[in-house]
Amino acid sequence: ENRSHLVMGSILTEWSDRVTQLAAKVICDVLTGSNASPLTRAILDQGLAEDVDLSLNDSVLQPYVTLSFRNVQDGREDEILALVRKIAEGFVREGLPSASVLSSINHMEFLSREHDEPEGVYRAIQMQNAYLYGGDPLQYLEYDQDFQKLRDMAETGGLERLLKRMLLDDEGVCILHVRPSATLAEEIREREQTRLSETVNAWSAEDRETNRQCNEALIRWQQSEDTEENLRTLPHLNLEDIGPMRPSLTTLVKDFGAWQIRQHPAKTNGIVYLNFYFRLTDMPLEAFFDLSIASRMFGKLPTEHYDALALEEAIKT
């Protein structure tokens, strides 16, 4: 009960239209980026489903948008679709909240500059988004102009027009409702057991002996150690294949009141990394568990001056 999934999906654009893809990701983030986002909040408050996700599926020839509802309340599917239309119509008419849009664009641009290691692998994957379809491999590595176009689009109503295409235009939309079964798994097992029994019962004595010998040979092979000749075929690095690691950062030390600031000038794609370190040696050992939980809550729970959504937007902006 109340465990079905409801999904709306439609093709949005083609691989080469990166600005539209970025704009769609902004809309997805604004509407369903967190439990405090307007579409997610409305669905959860009315108890229509337990989880909502609006996302763009890119890195394919025809990027497509999906709006998914998980653990839907039985019989309330039409209410969900009606509420989605109502909320989308309101934002198309009145505009998406500018603060949310700005925070989403800023955060997305930040993530484009901030790459996790291995950065080379990340860049290679990004290049495939264009190269696989005959495009310029650099298209998905250079982003400054795309983000400027995205900001211009946000200021001229382009996001609202795209939102209308994503959630209000019925042409090409597929709606899939997946209902769970309490008996399907057992039915599949029974069918498989019947199939196996029929197969084995049809074997001759010779077939059975052949099967037994094949299984024994497989087990012997699985449990045998590789020969030195086989092991030498594995690619490997020796220590001399790796160049020496030379520290290249310059450290500038400044005093700021009771604080000492250590600055490391470096090329960081325009991102400034500021870290504060606090000495904890005067805390009792039993306090560290609570502190580890509290530190994960900072920036996520409402405060005296911010509700959860406003705090998230301020941090992302």
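*Asks:* Teacher, can you tell me more about the sheet that holds strand β4 (residues 174–178) here?
*Replies:* Across the sheet, 4 strands lie side by side as β2-β3-β1-β4; this open sheet has antiparallel pairing. Each of the sheet's edge strands pairs with one partner strand only, and the pair in question is β2 (51–57) and β4. Neighbour to neighbour, the strand axes of the sheet diverge by 15° on average, direction disregarded. Looking at chain direction, β2 and strand β3 (residues 64–72) are connected through 7 bridges and run antiparallel. Residue pairing across strands places S55 opposite T66, the latter belonging to β3.

*Asks:* I keep staring at unusual backbone geometry and nothing clicks. Help me out?
*Replies:* Generally, phi is negative for residues other than glycine and the peptide bonds are trans, each holding for most cases. With an omega of 0°, the peptide bond running from E117 to P118 counts as cis. Here P118 shows up in the loop between α4 (98–113) and α5 (119–131). Phi is positive for S59, close to 60°, though the residue is something other than glycine. By the secondary structure assignment, S59 is in the loop between β2 and β3. Look at S59 and you get partly exposed, because its relative accessible area is 41%.

*Asks:* Explain the nonpolar core here, please?
*Replies:* Considering soluble globular proteins, one finds that nonpolar side chains tend to be buried as a cluster. Residues F69 and M166 are the most contacted members of the largest nonpolar core, which totals 44 residues. If you tally residues by element for this core, the top one is helix α1 (residues 18–32), at 9 residues. Those residues in contact with M166 that lie beyond four places of it in its chain are S10, L12, A24, I27, C28, L54 and V65.

*Asks:* What's the story with the packing of α4 against helix α6 (residues 144–155) in this structure? I'm lost.
*Replies:* Helix-helix packing: each pair is described by the crossing angle between the helix axes and the interaxial distance. Packing of α4 against α6 leaves a shortest axis separation of 11 Å and a crossing angle of 175°. Regarding the angle of α4 to α6, the classification is roughly antiparallel. Residue-level inspection shows V101, L102, I105, N106, M108, E109, S112 and R113 of α4 in contact with α6, the latter providing D144, F147, L150, R151 and A154.

*Asks:* Teacher, can you tell me more about the state of the cysteines here?
*Replies:* Throughout this description, disulfide means a covalent bond between two cysteine sulfur atoms. For the coordinates displayed, the defined rule picks out 0 disulfides. The cysteine C28 is free of any disulfide, with C174 supplying the nearest cysteine sulfur at 17 Å. Given the relative accessible area of 6%, C28 is considered buried.

*Asks:* What exactly am I supposed to notice about the pattern of salt bridges here?
*Replies:* Between side chains of opposite charge, a pair can form when the charged atoms approach closely. Scanning the model with the defined rule gives 18 salt bridges in all. Across the pair E94 and R93 runs a salt bridge, and its minimum N-O distance is 3.7 Å. One salt bridge connects R151 with E109, and the closest N-O pair in it is separated by 2.7 Å. Of this pair, R151 sits in helix α6 while E109 sits in helix α4; the two residues are 42 residues apart in sequence, bridging distant segments of the chain. Note on R151: relative accessible area 22%, which makes it partly exposed. A residue is classified by how much of its surface remains accessible, and E109, at 15% relative accessible area, is buried. One continuous salt-bridge network, built from bridges that share partners, spans E109, R113, D144 and R151.

Rules used throughout
- Residues numbered from 1 in each chain as written.
- Predicted model: local features only at pLDDT ≥ 70, side-chain atom pairs only at ≥ 80, totals over all residues.
- Heavy atoms only, no water.
- Pairing = 2+ DSSP bridges.
- Helix = DSSP H or I, 4+ residues; strand = E, 2+ residues; numbered from the N terminus.
- Axes fitted to C-alpha atoms, helices over the stretch in contact; angles between N-to-C directions.
- Buried < 20%, exposed > 50% of the residue type's maximum accessible area, 1.4 Å probe, protein only.
- Core = buried A, V, L, I, M, F, W, Y, C linked by side-chain atoms within 4.5 Å.
- Contact = heavy atoms within 4.5 Å.
- Parallel < 35°, antiparallel > 145°, perpendicular 65-115°, else oblique.
- Disulfide = S-S within 2.5 Å.
- Salt bridge = Lys/Arg side-chain N within 4 Å of Asp/Glu carboxyl O.

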